[in-house]
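Analysis of the macromolecular model
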Amino acid sequence: MKRQTRRHLTLLTAAALAFGGLTATAQATPAAPAGGDPTLTDVYIWATDVNLRQQPSVSAPRLAVRSQYWLDAVCQTQGDTVTDPDVGTNNWWTAVQEFSGSDIAFVNNLYLRGGQKIEGVPDC
């Protein structure tokens, strides 16, 4: 009986630790800030020092630099191919705005959570 009780406690402790780990992971991404356009998909820049550009091109003027930041995705389109040895290669760019009515900038999808082409964001 003691062995069975000890085994159940071990399993419960392992489950609690696993659940705690999942909760901590879920909380690693901050909540999207208020003020965005509720009709647009929120996207998260997971990397640091990511350039937001005037067009989907690496030679386009840089409008801003953001790190681990939420934005509203307006649409996505193909543009210059970006290669990052640590992340991969992608030619999809998302047109984003910081809050409803703000200027549009483009960020390469390599640095947005969601993959090569982000589900829920329409094509431009």
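On a predicted model such as this, the values are computed, not experimentally measured, just so you know. (Residues numbered from 1 in each chain as written. Predicted model: local features only at pLDDT ≥ 70, side-chain atom pairs only at ≥ 80, totals over all residues. Heavy atoms only, no water.)

1. Re the state of the cysteines
- For the structure on display, the rule yields one disulfide.
- Disulfide partner of Cys75: Cys124, at an S-S distance of 1.9 Å. Residues Cys75 and Cys124 are joined through a disulfide that is right-handed, its torsion about the S-S bond being 85°. Pair noted here: Cys75 is in strand β4 (residues 69–84) and Cys124 is in the segment after β6 (105–108), with a separation of 49 residues, a long-range link.
- Look at Cys124 and you get exposed, because its relative accessible area is 52%. (Disulfide = S-S within 2.5 Å. Helix = DSSP H or I, 4+ residues; strand = E, 2+ residues; numbered from the N terminus. Buried < 20%, exposed > 50% of the residue type's maximum accessible area, 1.4 Å probe, protein only.)

2. Things to note about the nonpolar core
- If you look at the biggest cluster of nonpolar residues, it comprises 21 residues, and the most contacted ones within it are Val43, Ile45, Leu52 and Val96.
- Looking at this core, the element that brings in the most residues is β4, giving four residues.
- Setting aside anything within four residues of it in sequence, one finds Leu52 in contact with Ile45, Pro61, Arg62, Leu63, Ala64, Arg66, Leu71, Val96, Ala105 and Phe106. (Core = buried A, V, L, I, M, F, W, Y, C linked by side-chain atoms within 4.5 Å. Contact = heavy atoms within 4.5 Å.)

3. Details of the pattern of salt bridges
- Throughout the structure, instances matching the rule amount to two salt bridges.
- The partner of Arg66 in a salt bridge is Glu98, and the shortest N-O contact between them spans 2.7 Å. Of this pair, Arg66 sits in strand β3 (residues 62–66) while Glu98 sits in the loop between β5 (88–97) and β6, placing them 32 residues apart in sequence.
- The salt bridge involving Lys117 is made with Asp123; its shortest N-O contact spans 2.9 Å.
- A relative accessible area of 46% means that Asp123 is categorised as partly exposed. (Salt bridge = Lys/Arg side-chain N within 4 Å of Asp/Glu carboxyl O.)

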